[in-house]
Amino acid sequence: MTDQQVADRPDASRLVATDVSPAAQSTRLADRLAGKRILLTGVTGFVGEALLHRILTQLPTTDVVVLVRPKGSARGNDRIASLLGKPIFREVVEAAGGAEALIGSRITVLEGDLSAVPDLPDDLDSVVHCAGDVSFDPPVDEAFAVNVVGTQHLLDRLAPLGPNVHYVHVSTAYVAGRRRGSIPEGSLDHDVDLDAELGWGLAQRQILENRSRTAEHLTRLRAEAEREHGRAGLLSAASSTEQRRRAWVDDQLVKTGTERARSLGWTDAYTFTKALGERVVERFAAAAGAPVTIVRPSIIESALATPHPGWIEGFKMAEPLILAFGRGELPEFPASADSTVDIVPVDHVVAAIVAVLGERPEPGHPRWFHVSSGGRNPLTFSRLYQVVREYFSRHPFEVGDRGAARLPEWRLPGAQQVERLLATSERAHKVADYLVTHSPRADRTRELARKLEQQRRRLEFLRRYIDLYREYAQAELSFNDANTLALYRRLDPADQAAFGFDTAVIDWEYYFAEIHCPAVTEPIRRMDRLRRARRGSSTPALRRVEADSGDSSTIAAVFDMDGTLLSSNVIETYLWMRLQGLSTAERAAEIGRVAARLPGFIHAERRERSAFLRSVYRQYDGARLADLDELADRVLASHVLARLSPAAVRRIREHRAAGHVTVLLTGAIRPLTRPLRTLFDHIEAAELAVDDRGVCTGFLASPPLVGESRSAWLRQWATENGVDLGRSFGYADSHSDLPLLQTVGNPVAVRPDITLYRRAKKSHWPIVDWSSSTAATRTLAPAGDPR
């Protein structure tokens, strides 16, 4: 039968099984399913876990086969044993004598994956397919591979078992896509060419991988990476280029899937591929003459009652929005006030699946069930907003020292106005970020960078969820659930109480205020309490250096000089040296000459650190190296020591006391390091080239150690000296020092520039402020650091 024939077949929702006798209708579900063997997929997921719990606890003589893939070193049995260790399974596990006993008696683990489904046991009575990609924005190839190909692989294994195995396919009500109005429980009316779309979707990754490697595309990505990371070195920029290429491919896979889905009438690749997965099931039912049921839940959220009120695994659709609103971070939402948000508790979904298992449909004629609430118990966005706002008004989040989070006032103006507001905020952030990134480093600049980073995360969150949920927030759908209600009414009265799934009885105000919101906010409140107890922040503290049980002589502490130990730079130190012995007029002339060249120096420094150093050191042309050494010892020492951070000196002495090897690694010329000789076991500095008279030529004896060359030198030096870099420390201030800091196991950012500051925050490195004007360290990390 062709796809069109399947779609044109009379509404199969009218073919609900009628072969259930009055006697059978009055039989309890536990009796109907006694001795049955049911295969479950997706058992480690939200719905699958809840279904397994329901079967084990309320269907005591029903056995389960679970299809589970190995994960890392954990085999399928290990994963199920771990699953059974969760609190909701405690009673049934204890009653069975432990997880292994339960697995041995009622659970059979079938190790495999939807990409390679093994042969199925030949004594199955039913299969419930819960597995699938449930994210709303999956890469299109992955969505097809899981929701379409995975379903086909499972059905291919099911077919040899004959037409007696009842196949239950868990889909989503939102396969209706961008349709409007009442949605019946039946086959979707569309003429999409399943095979053509499947071939297209699976091919997209390779197509986009090829496009991402074109010269034009790589040139653009490399230019972006070199602008941001060129100072750290070309390999750092190359690594960033590749990261950007891969991110582009992933992003395009999502966008391509979304656009193709919308061009055909669906909201996104998730609903599109779930709809095509249903078509695969319909094909199977027609070809194999098998009994098939398709269950379509709407938005599944926490349990109303079972396993316990508020039970939920991970965040689903509503939780990120509820939490962001409660923290005052979701200023508006692109929904119409009268639009329905169709939510159903997970225990209602699972109860409906159990009821479906208790009735055998007519072979070859699929039946559909919507498990939804909007048709008979609608919850509008306006009503949801009022309930959630009232909850947080009574139970606010505490935000730092500011007290209760300020709740936004939603006007629910619709998607267009929210998009304009968000786009304006994104443009403003981009301008502010550029200005801060190119501002001189200072405490105020870093504080602005920190706030901008928070704002960036907030804007990215808003962009992601507004783009993701806009279609659902504007959906004007009403899922007809007549079949589901009829199924419920056919249950024995005792089963209606034990396996209730009539969503019309849900009191939404009670559900959100007393069950759902407390359940999803409690983990966040618990984390907030722990943070307040620690009085910490997201930046790790700088721990005290102490000798350890190993060989301390294999640990190095590597320090940059300018900007890290000293509040100075190479131009300033050049002037210190050059101005000595000059008259007032000569000093003014020299300062003016350097000032005139300053824009060129700055441009060179931003473009390439080594070129900048070479241009500055050209100024030493004609100076005698011996005179520079003498000048450094006689005059410069006092200037260096005056600008040397006392906190830095204490840190160096801590390392020396612990038996560590202290290393000064700098791009400054060696004469400038002479005042620091007593603090370091080894100093690696720039060497000025001299002629046979000892006069500087204006060139260096070898390339300066900057960016990646510092990391390369350190690795070689560590190998030659038996130093364990994984246990060693690194201290630097500039983004150009990123390769150096990445080389050691204990990196520390010292008064970092904005780019390094952001990387340190992202990597959770300690950030310290070693000021030369105070005898104490002021740490940008948590209070309570050793000082």
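Since this is a predicted model, take the numbers as computed values, not measurements.

Enquirer: Could you give an account of the sheet that holds strand β4 (residues 126-129), with specific residues and numbers?
Expert: The parallel open sheet is built from seven strands, whose spatial order is β3-β2-β1-β4-β5-β7-β10. Where the open sheet ends on each side, the last strands, each with one partner, are β3 (107-111) and β10 (367-371). Taking the axes of each pair of neighbouring strands and ignoring which way they run, one obtains an average angle of 20 degrees across the sheet. Sheet analysis places strand β1 (residues 37-41) next to strand β2 (residues 63-68), joined by five bridges and oriented parallel. If you follow Arg37 over to β2, its bridge partner there is Asp63.

Enquirer: Before we move on, can you summarise unusual backbone geometry with the specific residues and values?
Expert: With an omega of 5 degrees, the peptide bond running from Thr306 to Pro307 counts as cis. As for its position among the elements, Pro307 is in the loop between β8 (299-301) and α13 (319-326).

Enquirer: Would you mind going over the environment of Leu740 in detail, with residue names and values included?
Expert: Here Leu740 lies in helix α27 (residues 738-743). Note on Leu740: relative accessible area 0%, which makes it buried. Sequence-wise, Leu740 and Val558 are 182 residues apart; in three dimensions their C-alpha atoms are separated by 9.0 Å. Leu740 has contacts with Val558, Leu665, Arg710, Ser711 and Leu714, leaving out every residue within four places of it along the chain.

Enquirer: Explain the pattern of salt bridges residue by residue, including any values.
Expert: Summed over the entire model, instances satisfying the criterion amount to 45 salt bridges. Across the pair Arg205 and Asp141 runs a salt bridge, and its minimum N-O distance is 2.7 Å. Placement of the pair is Arg205 in helix α9 (residues 194-212) and Asp141 in helix α8 (residues 140-158), with a sequence separation of 64 residues. Taking the relative accessible area as the measure of exposure, Arg205 reaches 24% and is therefore partly exposed.

Enquirer: Lay out the packing of helix α10 (residues 215-229) against helix α11 (residues 234-263) with the relevant residues and their values.
Expert: It is at 8 Å that the axes of α10 and α11 come closest, and there the two elements cross at 130 degrees. In terms of axis orientation, α10 runs oblique to α11. Taken as a pair, α10 and α11 cross one another with a handedness that is right-handed. Note on element contacts: α11 touches α10 through Leu234, Ser236, Ala237, Ser240, Thr241, Arg244, Arg245 and Trp248, opposite His217, Leu218, Arg220, Leu221, Arg222, Glu224, Ala225, Glu226, Glu228 and His229.

Enquirer: Tell me about the packing of aromatic side chains, residues and numbers included.
Expert: The full count for this structure, using the stated rule, is 23 aromatic pairs. An angle of 85 degrees between the planes, with centres 5.8 Å apart, marks the rings of Phe325 and Tyr385 as edge-to-face. Linking Phe325 in helix α13 with Tyr385 in helix α15 (residues 381-394), this pair joins segments that are 60 residues apart in sequence. For the residue pair Phe325 and Tyr385, the accessibility class agrees, reading buried in each case. Relative to Trp717, the ring of Trp713 lies with its centre 5.8 Å away and its plane at 15 degrees, an arrangement referred to as stacked.

Enquirer: Can you tell me about a nonpolar patch on the surface, naming the residues and giving the values?
Expert: Taken together, Val431, Tyr434 and Leu435 make up a surface patch of nonpolar side chains, about 330 Å² in accessible area. Within the secondary structure, Val431 sits in helix α16 (residues 415-437).

Enquirer: Please give an account of the confidence of the model for the protein chain that cites residues and values.
Expert: On average, the protein chain scores 86 in pLDDT, and the residues at 70 or more come to 88%. Note on residues 1-26: pLDDT under 50 across the span, and 43 contacts to partners over four residues away in sequence or across chains. Every residue in residues 773-787 scores below 50 in pLDDT, and together they form 37 contacts with partners more than four places removed in sequence or on other chains.

Enquirer: How would you sum up the nonpolar core? Please name residues and give values.
Expert: Nonpolar side chains in soluble globular proteins tend to be buried together. Formed by 57 residues in total, the largest nonpolar core has its most connected members in Ile80, Leu84 and Val128. Among the elements that make up this core, the one with the highest residue count is helix α14 (residues 346-357) (ten residues). Not counting chain neighbours up to four residues away, the residues in contact with Val128 comprise Ile38, Leu39, Leu40, Thr41, Leu51, Val168, Val170, Ile353 and Leu357.

Enquirer: Summarise the side chain of Asp495; cite the residues concerned and give the values.
Expert: When you line up the elements, Asp495 lands in helix α19 (residues 493-498). Judged by relative accessible area, which is 1%, Asp495 ranks as buried. There is a polar contact of 2.6 Å between the side chain of Asp495 and the backbone nitrogen of Leu29. Discounting chain neighbours no more than four positions away, the residues touching Asp495 are Thr27, Arg28, Leu29 and Gly500.

Criteria and cut-off values
Residues numbered from 1 in each chain as written. Predicted model: local features only at pLDDT ≥ 70, side-chain atom pairs only at ≥ 80, totals over all residues. Heavy atoms only, no water. Pairing = 2+ DSSP bridges. Helix = DSSP H or I, 4+ residues; strand = E, 2+ residues; numbered from the N terminus. Axes fitted to C-alpha atoms, helices over the stretch in contact; angles between N-to-C directions. Buried < 20%, exposed > 50% of the residue type's maximum accessible area, 1.4 Å probe, protein only. Contact = heavy atoms within 4.5 Å. Salt bridge = Lys/Arg side-chain N within 4 Å of Asp/Glu carboxyl O. Parallel < 35°, antiparallel > 145°, perpendicular 65-115°, else oblique. Left-handed = near helix turned anticlockwise from the far one by under 90°. Phe/Tyr/Trp six-rings, centres within 6.5 Å; stacked < 30°, edge-to-face > 60°. Patch = residues over 30% accessible without salt bridge, like charges linked within 9 Å, V, L, I, M, F, W, Y side chains within 5 Å. Areas by Shrake-Rupley, 256 points an atom, 1.4 Å probe, with all protein chains shown as cover. pLDDT = per-residue confidence, 0-100. Core = buried A, V, L, I, M, F, W, Y, C linked by side-chain atoms within 4.5 Å. Polar contact = N/O pair within 3.5 Å; in protein donor to acceptor, adjacent residues only side chain to side chain.

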